Amino acid sequence: MDGDELLLIPGPVSIDDEILEVLGRPVMAHYGDAWTELYHRTVANLQTVFRTGSEVHLIFGPGQAATEMAIASVLAPGDQVIVPSNGLFGDRLQIVSRAHGLEVVPITPRPREAVSVESVREALDAHPRARAVAIVHHETSMGVMNPVREIAALARERGALTIVDAISSAGGTDLDVDAWGIDLCVTVGNKCLGGPIGVAPIAIGPRAVAANEDGRAKSAGWYLNFATWREHAEMWKTWHPHPTTMPTNVVRALDASVRAILEFGLDEHIRRQRVARDTVREGLREMGFEMMVPDEVASPVTTAVLGRPDMSVPDYMRWLLEEKGMRIGGGLGPWSGKAFRVGHMGRAKEPEVVDRYLALTQEYLNANNG
Ligand SMILES: *Cc1c(COP(=O)(O)O)cnc(C)c1O
């Protein structure tokens, strides 16, 4: 069909037929007993994915809606927030923070490096008034993991909140919201969870609730203030546990995908992504490619790769898509046209898909580089 393609990009991701089938069912109302039971079950399963006993809400929107909710619900204009960035999505957190009138203390690691715990410690020392650290767990633009566990512990010691963009890591890497002391954690349905586009689960811990209710005026408005979602989850608990109309098919499909992962085993789901990553890295190295980041900080979700000097990355990507129906991601920012990214989420982690991708890459190199 028009536009059919197999996605090996870092989002969106191709999803299983069973999940697509749920999306195609008749529309269900966003209230009533059956709906409420389904909604609460999905929330409970996401608490398991996040590893939290705190509340979870399912925000109707992209991941960025929930990161904006997190930032704007607990910080007031003029507040200082420390925001390390080693790529596009860290930059986004800085942009969103500034859009809400916050004073951003940026941290910029050297290119292709993870954020260091030491750099966050120095920023906290230099800015003792900082109320929060906002950080991307897996910087998808570079395929690099940031040490959120250590950074959250440090922030907690200093009385600062930790806000985590786990959009491309929850359900795909180790993440333990409660044990690590993360106050706000955001993800989406259609990355590591292999579910639909259009819903962004957010976990909200007790310190975040206290900051939301501290009497200082926040800029979050109504829809993107988590106070509104908490109020309705309680007030309409047995009928309509959210403030607005919900994309019911999308939530049903998310329910199906998360249940499938938990039945299969979350650890095993994560392990399969790691296996896909290792196979891709090894296979590409054998073909002479250089990985953008070292193995120690490489994510099991996305692999960023430097193009070989003897090839055209845009031509290779175009060939894969137009001739073979397989889409990989391009390099972002300064790496556009020079690097490419292979996602390991959703169907991309299937061993047959990985093998086909590597075989096609070899075929392309044979045909184009003598
Ligand atoms: C994909 C991604 C986003 C953007 O998610 P949207 O749903 O497009 O808002 C943000 N952060 C990270 C780390 C991502 O991988």
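Shown above is the structure to which this text applies.
Residues numbered from 1 in each chain as written. Predicted model: local features only at pLDDT ≥ 70, side-chain atom pairs only at ≥ 80, totals over all residues. Heavy atoms only, no water.

Colleague: It is not clear to me how the overall build of the protein should be interpreted in this structure. Could you clarify?
Modeller: Looking only at helices and strands, one finds 13 helices and 14 strands in the protein. Radius of gyration (C-alpha) of the protein: 21 Å, near the 21 Å computed for a compact globule of 370 residues. For the protein, the spread of C-alpha atoms along the three principal axes comes to 70 × 55 × 30 Å. A burial count over the protein gives 59% of its 370 residues as buried. Of the roughly 15,100 Å² of accessible surface on the protein, 52% is carried by carbon and sulfur atoms. (Helix = DSSP H or I, 4+ residues; strand = E, 2+ residues; numbered from the N terminus. Rg over C-alpha atoms; globule rule 2.2 N^0.38 Å. Buried < 20%, exposed > 50% of the residue type's maximum accessible area, 1.4 Å probe, protein only. Areas by Shrake-Rupley, 256 points an atom, 1.4 Å probe, with all protein chains shown as cover.)

Colleague: How should I be thinking about the packing of aromatic side chains in this particular structure?
Modeller: We describe a pair of aromatic rings using the distance from one ring centre to the other and the angle between the two ring planes. Tallying each qualifying case throughout the model produces 7 aromatic pairs. Aromatic side chains Y223 and W229 sit 5.6 Å apart centroid to centroid with 70° between the ring planes, which places their arrangement in the edge-to-face category. Residue classification places Y223 among the partly exposed positions, given a relative accessible area of 25%. For W229, a relative accessible area of 0% puts it in the buried group. Seen in terms of ring centroids, F289 and F340 are 5.5 Å apart; in terms of plane orientation they differ by 85°. Their pairing is edge-to-face. Pair noted here: F289 is in the loop between α11 (266–286) and β11 (290–291) and F340 is in strand β14 (residues 339–343), with a separation of 51 residues, a long-range link. Classification of F289 as buried rests on a relative accessible area of 4%. Taking the relative accessible area as the measure of exposure, F340 reaches 0% and is therefore buried. (Phe/Tyr/Trp six-rings, centres within 6.5 Å; stacked < 30°, edge-to-face > 60°.)

Colleague: Is there a simple way to think about helix α5 (residues 117–126) in this case?
Modeller: An α-helix turns once per 3.6 residues; consequently, residues spaced three or four apart project the same way. Inspection of α5 places S119, V120, A123 and L124 among the buried residues, and these make up the whole buried set. For α5, the arc enclosing every buried residue in end-on projection is 140°, short of the 170-degree limit, so these residues lie on one face. Against β3 (80–84), β4 (103–107), β5 (132–136) and α6 (148–157) lie the buried residues of α5. (Arc of directions from axis to C-beta. Contact = heavy atoms within 4.5 Å.)

Colleague: So what exactly am I meant to see when it comes to the site of the ligand here?
Modeller: Residues in close proximity to the ligand include P62, G63, Q64, F89, V136, H138, T140, D165, I167, S168, V188 and K191, which together make up its full environment. Between the ligand and Q64, the relevant distance is 2.8 Å, taken from an oxygen atom to a main-chain nitrogen or oxygen of the residue. Within the side chain of K191, a nitrogen or oxygen atom sits 2.7 Å from an oxygen atom of the ligand. Summarising the interface, the protein chains cover 82% of the accessible area of the ligand, which totals 390 Å² for the free molecule. (Near = heavy atom within 4 Å. Polar contact = N/O pair within 3.5 Å; in protein donor to acceptor, adjacent residues only side chain to side chain.)

Colleague: Explanation requested: the environment of P351 in the structure shown.
Modeller: Residue placement: P351 occurs in helix α13 (residues 351–368). The class of P351 is partly exposed, set by a relative accessible area of 46%. Between the C-alpha atoms of P351 and A276, which are 75 residues apart in sequence, the distance is 6.9 Å.

Colleague: Sorry, what's going on with the sheet that holds β5 here?
Modeller: Sheet strands pair by backbone hydrogen bonding; their relative direction is either parallel or antiparallel. Strand order in the open sheet formed by 7 strands is β2-β10-β9-β8-β5-β3-β4, with mixed pairing between adjacent strands. The sheet is open, and its two borders are formed by β2 (55–60) and β4, each paired with just one other strand. Averaged over all neighbouring strand pairs, the angle between strand axes comes to 20°, with direction disregarded. Across 3 bridges, strand β8 (residues 161–165) lies against strand β9 (residues 184–186) in parallel orientation. Bridging across to β9, D165 finds its partner in V186. (Pairing = 2+ DSSP bridges. Axes fitted to C-alpha atoms, helices over the stretch in contact; angles between N-to-C directions.)

Colleague: When you look at unusual backbone geometry in this model, what are you seeing that I'm missing?
Modeller: Excluding glycine, residues mostly carry a negative phi; peptide bonds, for their part, are mostly trans. The peptide bond linking G11 to P12 adopts the cis configuration, its omega dihedral lying at 0°. Structurally, the position occupied by P12 is in the loop between β1 (6–8) and α1 (17–23). Backbone geometry places R51, a non-glycine residue, at a positive phi of 55°. Within the secondary structure, R51 sits in the loop between α2 (33–50) and β2. The residue R112 is not glycine, and still its phi comes out positive at about 70°. The topology assignment puts R112 in the loop between β4 and α5.

Colleague: Would you mind showing me how to read the sheet that holds β1 here?
Modeller: Strand order in the open sheet formed by 5 strands is β1-β13-β14-β12-β11, and the pairing between neighbours is mixed. Where the open sheet ends on each side, the last strands, each with one partner, are β1 and β11. By the bridge criterion, 3 bridges tie β1 to strand β13 (residues 326–330) in an arrangement that is parallel. Bridge pairing links L6 to M326 in β13. The strands touched by helix α12 (residues 313–324) are β13 and β14; relative to β13, the strand with the most contacts, the crossing angle is about 155°. Packed onto the sheet, α13 meets β1, β13 and β14 and runs at close to 75° relative to β13.

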